[in-house]
Amino acid sequence: MSMQLGGGGSSIKSDINVTPLVDVMLVLLIIMMIIAPLLQKGVDVRLPIAINSASKPETQDQTVLGIKADKTVWINGVEVRKEELRSRLESILETKKEKLILIKADEDAPYSAVMDAMDTLRASGIEDVGLITDSKSANALSGGN
């Protein structure tokens, strides 16, 4: 193995320096790791705690109906007036095969607001409804009561 030092040879060095490329890719990876959870935030609610909740992986294809403590209704992170709820739900679900709605209601939301939303879902022909809750073990790990 020989090694050329200095300007003794007339050959052109054609190696690619990948260090700047790796640096840029690591910065982009860190930025994506920080921003990705913020994009999936949705509606900020305090979920009720349930002992027997089953974890279901969230995908982008699910339709989530959020109900805040002040009775405002959100569909997939977009606020909807009560009068528009049924038409908006029907337009969202007309192209989907699985007509499943997940309700993410705040712990302090009135029971009547949740039941009004469920009545609207039933009037739209949606029978498959899931309720999103925090599990007791996850709440204990995060320092909740």
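It should be emphasised that the depicted structure is a prediction, and the values quoted were computed from it without experimental measurement.

Draft legend 1. Region of the structure containing the sheet that holds strand 5 (residues 100-105). Reading across from one edge, 4-3-2-5-6 is the order of the 5 strands in this open sheet, with mixed pairing throughout. Whereas interior strands pair on both sides, the edge strands pair on one side only; in this sheet they are strand 4 (78-80) and strand 6 (128-131). Neighbour-to-neighbour, the strand axes of the sheet open up by a mean angle of 30°, direction not taken into account. As judged from the 4 bridges shared by strand 5 and strand 6, these two strands associate in the parallel manner. Each bridged residue has a counterpart across the sheet, and for Ile-101 the counterpart in strand 6 is Val-129.

Draft legend 2. Helix 2 (residues 85-93), seen in detail. The complete set of buried residues in helix 2 reads Leu-85, Leu-89 and Leu-93. In an axial view of helix 2, the angular spread of the buried residues amounts to 50°, which keeps them on one side of the axis. Elements that come into contact with the buried residues of helix 2 comprise strand 2 (63-67), strand 3 (73-75), strand 4, strand 5 and helix 3 (111-123).

Draft legend 3. Just the layout of surface pockets, in detail. As a volume, the second largest pocket reaches approximately 220 Å³. Lining of the second largest pocket is provided by 13 residues; of these, Pro-48, Ala-105, Tyr-111, Val-114 and Leu-131 occupy positions nearest its centre. With 4 residues, helix 3 is the single largest residue contributor to the lining of the second largest pocket. By residue class, the composition of the lining of the second largest pocket is 10 nonpolar, 1 polar and 2 charged.

Draft legend 4. Region of interest: the nonpolar core. One finds Leu-65, Ile-67, Leu-85, Ile-101 and Leu-121 to be the most contacted residues of the largest nonpolar core, which totals 17 residues. Secondary structure elements with two or more residues in this core: strand 2, strand 3, helix 2, strand 5 and helix 3. Filtering out sequence-adjacent residues up to four positions away, Ile-101 remains in contact with Thr-63, Leu-65, Leu-89, Leu-93, Leu-121, Ile-126, Asp-128, Val-129 and Gly-130. Grouped together as the second largest cluster of nonpolar side chains are 6 residues, Val-45, Leu-47, Val-64 and Ile-132 included.

Draft legend 5. Region of the structure containing empty space enclosed by the protein. In total, this model carries 1 cavity of 30 Å³ or more according to the counting rule given. Residue composition of the lining of the largest cavity, by class: 2 nonpolar, 2 polar and 3 charged.

Draft legend 6. Summary view of unusual backbone geometry. Positive phi is not limited to glycine here, since Lys-71 has a value of about 70°. Inspection of the secondary structure assignment puts Lys-71 in the loop between strand 2 and strand 3. A positive phi angle is found at Asn-76, which is not glycine, with a value near 50°. Structurally, Asn-76 can be placed in the loop between strand 3 and strand 4.

Draft legend 7. Seen up close, the environment of Gly-130. Checked against the element boundaries, Gly-130 lands in strand 6. Taking C-alpha positions, Gly-130 is 7.5 Å from Leu-100, a pair spaced 30 residues apart along the chain.

Draft legend 8. The arrangement of the side chain of Thr-72 in detail. By the secondary structure assignment, Thr-72 is in the loop between strand 2 and strand 3. Side-chain polar atoms of Thr-72 contact the side chain of Trp-74, separated by 3.2 Å. When sequence neighbours within four positions are dropped, the list of residues in contact with Thr-72 reads Gly-66, Ile-67 and Glu-79.

Scoring rules and cut-offs
Residues numbered from 1 in each chain as written. Predicted model: local features only at pLDDT ≥ 70, side-chain atom pairs only at ≥ 80, totals over all residues. Heavy atoms only, no water. Pairing = 2+ DSSP bridges. Helix = DSSP H or I, 4+ residues; strand = E, 2+ residues; numbered from the N terminus. Axes fitted to C-alpha atoms, helices over the stretch in contact; angles between N-to-C directions. Buried < 20%, exposed > 50% of the residue type's maximum accessible area, 1.4 Å probe, protein only. Arc of directions from axis to C-beta. Contact = heavy atoms within 4.5 Å. 1 Å grid on protein atoms, 1.4 Å probe; cavity = no way out; pocket = protein on both sides within 12 Å on 5 of 7 lines; lining within 4 Å. Points joined across faces, edges and corners; volume = space filled by probe spheres on them. Nonpolar A, V, L, I, M, F, W, Y, C, P; charged D, E, K, R; others polar. Core = buried A, V, L, I, M, F, W, Y, C linked by side-chain atoms within 4.5 Å. Polar contact = N/O pair within 3.5 Å; in protein donor to acceptor, adjacent residues only side chain to side chain.

Nothing here speaks to function; it is geometry throughout.
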